[in-house]
Amino acid sequence: MSKKVYVIGCTHLDPSWVWSWQEGSAEAKATVRSALDRMNEFADFKFVCSSACVYQWIEEFDPAMFEEIKLRVKEGRFIIVGGWKVEPDCNLPCGENFARQSLYSQRYFKEKFGKMATIGWNVDTFGHNAMMPQILRKSGMDSYVYMRPMPREQELAENIYDWESPDGSRVATFRIHLQYVKNFVDLNEVIDRMKLCDEFYKNEDYMLMYGVGNHGGGPTIHNIQLMQEYNCLADKDRDLIFADPADFFADYKRTHDLPVYKGELQHHASGCYSAVSEVKRLLRRGETSLTAAENFSVLALSLLGKDYDTEKLKAGWENMNFFAFHDILDGCCIKSAYDDCLYMGYETVAIAEKQKNNALQTLSWNIDTTDKRFGVPVVLFNPLAFDVEQTVEINKNASSIRDKDGNDVPFINAVSQAQAVWDRNNAVFRAKIPALGYAVYYYIEPHERDRKTEENPTRVNELENGYIRVKFNALGEMVSLVEKSTGKEILSGAERTVVIDESEHDTWSHAKNFFDKEMGAFTLTKMEKLEENPVREVIKVTATYGKSTLARYYILNAGEDFVRVRVKLDWREKHKMLKFVYPVACQTPTSVYEIPFGSFERPCNGEEEPALTWAMVGDRNNGLAILNDCKYSYSAKENAFALTAVRSPIYCDHGAKRSEESYYTDQGEQEFFYALYPATTGDKAKIFCRALQLNNPCSLVLENHHNGSLPLSYSGMSVEKENILISALKKSEDGRGFVLRAYECAGEETATKIDVKGIGNATVVFKPYEVKTFYITPNNQWTETLFMEYNE
């Protein structure tokens, strides 16, 4: 029997890259029209198309063409793959972003075509996190097709295999050789490519992708005729079959026992995880804002019966799904493309914040605040599934702060952003807020304007509270970070602000995964102790390098076991990178990085690595976690642990011509937070919770005195075990129940009780690193389901 080559007619359509997304939508029309025409001309031709946005554009632009697609899908010739809005970056979106890719796009495919994609399709994506097999399985997909990283970037024993994620989920996986789509010119080119593939796939059957791609296009008449011509050769080595990729996987699995690979698929373009800071900031802000808006909307629904518009939040999530497209999110588009794409991020935040405010104003207005004894009420809301204690700043001067029981709460009046207008200070205090709930505090405004709380620092180069002691040297460098409960010194030397020469790197940093060519450092211009009071201590360190200025505010809040660092950076460098480096005092350093729905250990070899809200270096006895609110790139060389703050290549520099007219990324001012948390490799659940706090500060409503049916404090959720994290709480898509998604984050089999007040409760068991989605009925029936909220 002849060996087979399953020829896959396809294209690769980047919705945005060196063109705008509007141009990408136009090319979608032309590409699909061409594919449909080829089907009319060649009875055995099949076309593979990923990305729900392509189908949605055509449905909107040309309903008649969309009906043609429906007919060809029903025939099995127009083949839906991917199951997601786009082919996203597979390292930077949070787990919930991936779940919403599947929820909305797979349901769209089911509604419009009667079927969902069964094959994951991310052929140009630059890397793939280790949790992908579980994400795919819970998206209704049992197979996966990718190309990057290529063999020179990551060697694997086999290129067709079962890929297993940390929870044990598996998907059959195919690695494309050389190109994800090829526009063959002549028959010799087809034969030469097949010879290379014969060797790559060890003379087994395989898939061969053909067509015109990147800016769309699809298979040409000539491409198809070449495949037919090959099949007519008398001395051919193989049979070419116009195929659906599902045919290949089914046939291959029937005749082969697939080897198993456990791990992640990295690295192709390590520079992209720190390129174009604004797109990363909007991703994080969009994801957290949407989640908070849903949580508070469910809270208002359960307490007051106030319904909410799921379609608006769906539109926000679909923006984030599109925003996750690999070239957009990875900072690889031309500047003018970002001028359009970034609006989607801003729109998402606006959608979420409007919906959140709607819920919060309704909730606060229904709290009984008639008691006037303690002052004017302010309502603080916590979107997280665990209790928090946070430092809160209200837009009011105060002469006293009290909790709901009238107990005095320590506070200060600090400089506000409105001081230049009204010479007004803001009250700052620590507040305890229940899980997915709220707490009322009271403030009394002074009869006369209070001045800023006077500061008389006694320890000008130190920060200290009940948990942490920090020291700085005369150069403004942190040299000591002590965990007071254990007496452990976390640092083995001084922190450094290192400037890296990356003039030899392009935007992607192709074939260059190490940023280690140090060329300088920021030098101190001023260090000052701004605050030392019962609420917090703050040291500001200002430094310069070249034309750039860096101000870091090291903030140690009372009752907090990590140091927050507020960064104000005015970056004016080109072809350079800035890293904040911390030497960690540990004997056997291991680096751990947050990935979607979990974490993953990597070697401390200095390679640039992607991560979500945190990463850490340490061992079972000591270590340091660095949390952040919008950065995604780290490195660890032995015990030298670094957060990448910024880099400034040319926009979309692919190694071609550089000119004086080129635009450089990340020029100018930006602000962000990171935090330093003493932790060991056994503290993963605690690290997750601290990172969630950093990224989800409480919301507040300044209220007045009025009647209401709600109490002064309320908790809407409890989760018994710290290592079970809530990813989503929402109305079900069918409107008849609720959906809760949770995951185990510490690698431990766990049984836990989850109680969502007014909705339902259950005791559930999680395997290590398992994600579970529950459909909760009005009579408290919990049914585990796929991300799409049904099982098929």
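For the structure itself, look to the data block above.
S.K.: Would you mind showing me how to read the overall build of the protein chain here?
M.R.: What the protein chain contains, in helices and strands, is 14 helices and 44 strands. Taken against the 2.2 N^0.38 rule, which gives 28 Å for 792 residues, the C-alpha radius of gyration of the protein chain at 28 Å falls within 12% of a compact globule. Counting the 792 residues in the protein chain, one finds 62% classified as buried. For the protein chain, the proportion of contacts with a sequence separation of at least 24, taken over those separated by at least 6, is 72%. As displayed, the protein chain has an accessible area near 29300 Å², and 47% of this comes from carbon and sulfur atoms. In the protein chain, the 92 positive side-chain charges and the 115 negative ones have mean positions that sit 2 Å from each other.

S.K.: Which parts of the structure should I look at to understand the environment of Tyr 582?
M.R.: Its location among the elements puts Tyr 582 in strand E27 (residues 576-583). Judged by its relative accessible area of 1%, Tyr 582 falls in the buried class. For the pair formed by Tyr 582 and Ser 20, sequence separation is 562 residues and the distance between their alpha carbons is 40 Å. If near-sequence neighbours (up to four positions away) are discounted, Tyr 582 is found in contact with Met 478, Leu 491, Glu 495, Arg 552, Tyr 554, Leu 624, Ile 626, Asn 639, Ala 640, Phe 641, Tyr 674 and Leu 676.

S.K.: For this particular structure, what's the right way to read helix H2 (residues 52-61)?
M.R.: Residues spaced three or four apart along an α-helix point in a common direction, a consequence of the helix completing one turn every 3.6 residues. With respect to burial, H2 is a largely interior element, seven of its ten residues being buried. Those residues of H2 that sit buried are Ala 52, Cys 53, Val 54, Tyr 55, Gln 56, Trp 57 and Ile 58. Contact partners of the buried residues in H2: helix H1 (21-41), strand E2 (47-49), helix H3 (63-75), strand E3 (78-80), helix H4 (95-113) and helix H10 (310-323).

S.K.: Looking at this structure, I do not really get the sheet that holds strand E12 (residues 388-394). What am I missing?
M.R.: Note on sheets: strands pair through backbone hydrogen bonds, and any given pair is parallel or antiparallel. The strand order across the open sheet built from three strands is E12-E15-E14, with neighbouring strands paired in antiparallel fashion. Sheet topology places E12 and strand E14 (411-415) at the edges, where each strand pairs with a single neighbour. Strand-to-strand twist across the sheet, computed as the mean angle between neighbouring axes with direction ignored, equals 30°. Bridging between E14 and strand E15 (residues 425-433) involves five bridges; their strand directions are antiparallel.

S.K.: Whenever I open this one, the side chain of His 575 confuses me. Can you help?
M.R.: Mapped onto the fold, His 575 is located in the loop between strand E26 (563-571) and E27. A relative accessible area of 11% places His 575 in the buried class.

S.K.: Hey, could you run me through unusual backbone geometry in this one?
M.R.: Cis rather than trans, the peptide bond between Arg 148 and Pro 149 has omega equal to 0°. Tracing the chain through its elements places Pro 149 in the loop between strand E5 (143-146) and strand E6 (160-164). His 267 follows Gln 266 through a cis peptide bond whose omega is -5°. Within the fold, His 267 resides in the loop between strand E10 (260-262) and helix H9 (277-304). Unusually for a residue other than glycine, Val 276 sits at a positive phi of about 60°. With phi around 35°, Leu 436 is a residue other than glycine that occupies positive phi space. Mapping Leu 436 onto the fold places it in the loop between E15 and strand E16 (437-444).

S.K.: What is the right way to read the nonpolar core from this model?
M.R.: Nonpolar side chains in soluble globular proteins tend to be buried together. In terms of nonpolar packing, the biggest core is built from 175 residues, with Tyr 55, Ile 69, Phe 78, Val 145 and Phe 174 touching the most fellow members. Setting aside chain neighbours within four positions, we find Val 145 in contact with Ile 119, Gly 120, Trp 121, Asn 122, Val 123, Phe 174, Ile 176, Met 207, Met 209 and Phe 249. Val 565, Leu 624, Ala 636 and Leu 676 belong to the second largest nonpolar core, which has 44 residues in total.

S.K.: It is not clear to me how the pairing of strand E18 (residues 468-472) should be interpreted in this structure. Could you clarify?
M.R.: Within a regular strand, the side chains alternate between the two sheet faces. Judged by which residues are buried, E18 turns out to be one-sided: Ile 468, Val 470 and Phe 472 face inward and are buried, whereas Arg 469 and Lys 471, on the alternate face, are not. As defined by bridge partners, strand E17 (residues 462-464) adjoins E18 across three bridges and the pair is classed as antiparallel. In the strand pairing of E18, Leu 463 is matched with Val 470. Counting the residues that bridge the hairpin from E17 to E18 gives three residues. Hairpin connection, E18 to strand E19 (residues 478-483): the antiparallel pair is bridged by five residues, and Gly 476 has positive phi, about 80°.

Calculation notes
- Residues numbered from 1 in each chain as written.
- Predicted model: local features only at pLDDT ≥ 70, side-chain atom pairs only at ≥ 80, totals over all residues.
- Heavy atoms only, no water.
- Helix = DSSP H or I, 4+ residues; strand = E, 2+ residues; numbered from the N terminus.
- Rg over C-alpha atoms; globule rule 2.2 N^0.38 Å.
- Buried < 20%, exposed > 50% of the residue type's maximum accessible area, 1.4 Å probe, protein only.
- Contact = heavy atoms within 4.5 Å.
- Areas by Shrake-Rupley, 256 points an atom, 1.4 Å probe, with all protein chains shown as cover.
- Lys, Arg positive; Asp, Glu negative; His and termini not counted.
- Charge placed at Lys NZ, Arg CZ, Asp CG, Glu CD.
- Pairing = 2+ DSSP bridges.
- Axes fitted to C-alpha atoms, helices over the stretch in contact; angles between N-to-C directions.
- Core = buried A, V, L, I, M, F, W, Y, C linked by side-chain atoms within 4.5 Å.

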